[in-house]
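# Breakdown of the fold
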Amino acid sequence: KEKGLSSCTQRVQEAQRIAVLTGAGISTESGIPDFRSPSGLWRNPEVQAAITRDTFFIRPQHFYRYFKELFLEWREVSPNTGHLALSKLEQMGKVVGIATQNIDGLHQSAGSSQVIELHGHLRTATCPKCKAKESMETVKALLKRSELPKCSCGTILKPDVVLFGDPLDMDDWKAAQAWMMKADVVLCVGTSLTVTPANSLILRRRSDSTLIIINKEPTMYDHLADFIFHGMAGTLLPKLIG
Ligand code: NAD
Ligand code: APR
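Criteria and thresholds
- Residues numbered from 1 in each chain as written.
- Chains lettered and ligands numbered in written order.
- Predicted model: local features only at pLDDT ≥ 70, side-chain atom pairs only at ≥ 80, totals over all residues.
- Heavy atoms only, no water.
- pLDDT = per-residue confidence, 0-100.
- Near = heavy atom within 4 Å.
- Polar contact = N/O pair within 3.5 Å; in protein donor to acceptor, adjacent residues only side chain to side chain.
- Areas by Shrake-Rupley, 256 points an atom, 1.4 Å probe, with all protein chains shown as cover.
- 1 Å grid on protein atoms, 1.4 Å probe; cavity = no way out; pocket = protein on both sides within 12 Å on 5 of 7 lines; lining within 4 Å.
- Sits in = over half its atoms within 2 Å of the grid points.
- UniProt positions renumbered as here; feature names shortened; annotations may be inferred.
- Helix = DSSP H or I, 4+ residues; strand = E, 2+ residues; numbered from the N terminus.
- Buried < 20%, exposed > 50% of the residue type's maximum accessible area, 1.4 Å probe, protein only.
- Contact = heavy atoms within 4.5 Å.
- Pairing = 2+ DSSP bridges.

Caution applies to low-pLDDT parts of the model: their predicted coordinates are not meant to be read in detail. Here the chain averages 95 in pLDDT, and 99% of its residues register 70 or above. The ipTM for the predicted assembly is 0.82, set against a pTM of 0.90.

If you want it as structure tokens, here you go:
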């Protein structure tokens, strides 16, 4: 399946409507660990077990201890050449949208405007009871004082991140599928494609579309790709996009 970068670059040049699916792998070069690489966040199963919907509701202290350590102490992170290449592709009028599994907001920081955050984001937290929203800055400040962040109604606030066991936002899910069905090229970057339902998005593409996968390691769907590159997104995307 390994085809030359030049013929793939040619395909991207001709493309009119590129739908992109990204995962944690596009952000590792910005210093954010991914999940399933040897250095990934889930190398310790106790950590993954802590960041789940059940743990949030049953053991909120335990949840927030890990959530804070994993996601609220990132030092200033900035987009890398991979994010910037995708933003340039949008400026060239070729991108239908980016469906990302990441919560780091780096696609938006890189200038991409059509972004769906399938697994939520780190900007706000919501009260499960009265649905009131609070900024994550406030949540961080409360956690620093080792207090559980509570809504004015007394209920513990939940970060607006899709945790294992959470459903995805249905409007976002439908919009991401529509992007895939409109695309003439589907570009999949930095995801092991192991998490449902995000990974099934690439099965919704048109039969006459081209599937390009860029990932450091082999993925579950490599056999479906028209072009497959096992390498660094930060190096390959700028080459592909020119
Ligand atoms: P997780 O491993 O618990 O799984 C969350 C995902 O699993 C959700 O999308 C959910 O739809 C899916 N899921 C739900 N039920 C499932 C099932 N039965 N089988 C398989 N998948 C199922 O993820 P997490 O613990 O919530 O991780 C926390 C958040 O941290 C994630 O949303 C992730 O995107 C984020 N994160 C982002 C970055 C980054 O932004 N670069 C890096 C690390 C972590
Ligand atoms: N360039 C290209 N690929 C990379 C890079 C890089 N610089 N760094 C890592 N990768 C690859 C890894 O080899 C790995 O296969 O990116 C992939 C990241 O896969 P995961 O760690 O499984 O992350 P992701 O696919 O985003 O996980 C999906 O699982 O835990 C949940 O909700 C969480 O959103 C996350 C979802």
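Read on for the rest.
To continue, consider the site of ligand 1. In the neighbourhood of ligand 1, 25 residues make up the surrounding shell, with Phe35, Gln101, Ile103, His119 and Phe164 lying closest. One of the backbone N or O atoms of Ile103 is found 2.8 Å from an oxygen atom in ligand 1. Thr196 places a polar side-chain atom, nitrogen or oxygen, 3.4 Å from a nitrogen atom of ligand 1. When isolated, ligand 1 has an accessible area of 840 Å², and the protein chains bury 87% of it. Spatially, ligand 1 is embedded in the largest pocket.

Moving on, we get to the UniProt feature "active site" (unreviewed entry) in the chain. Residues annotated in UniProt with the feature "active site" (unreviewed entry) correspond here to His119. Mapped onto the elements, His119 comes out in the loop between β3 (115–117) and β4 (120–126). Residue His119 is classed as buried on the basis of its relative accessible area of 13%. In this structure the side chain of His119 is engaged in a polar contact, spanning 3.4 Å, whose partner is the backbone oxygen of Gln101.

Moving on: the UniProt feature "binding site: Zn(2+)" (unreviewed entry) in the chain. UniProt records the feature "binding site: Zn(2+)" (unreviewed entry) at Cys127, Cys130, Cys151 and Cys153, using the numbering of this structure. The greatest C-alpha distance among the residues just named is 8.5 Å, despite their covering 27 residues of sequence, which places them together in space. Set against the second largest pocket, the annotated residues named above that line it are Cys127. Classification of Cys127 by relative accessible area gives buried; the value is 0%. Once you skip the residues sitting within four places of it in the chain, Cys127 turns out to touch Ala132, Cys151, Cys153, Thr155 and Leu157. Structurally, Cys130 can be placed in the loop between β4 and β5 (133–135). Residue class for Cys130 comes out partly exposed when judged on its relative accessible area of 41%. Not counting residues within four places of it along the chain, the set of residues in contact with Cys130 comprises Cys151 and Cys153.

Working note: regular strand, side chains alternate between the two faces of the sheet. Of all seven residues in β4, six are buried, a share of seventy percent or more. As paired strands, β4 and strand β6 (residues 158–161) are joined by three bridges and run antiparallel to one another. In the strand pairing of β6, Thr126 is matched with Lys158. Alignment of β4 against β5, held across three bridges, turns out to be antiparallel.

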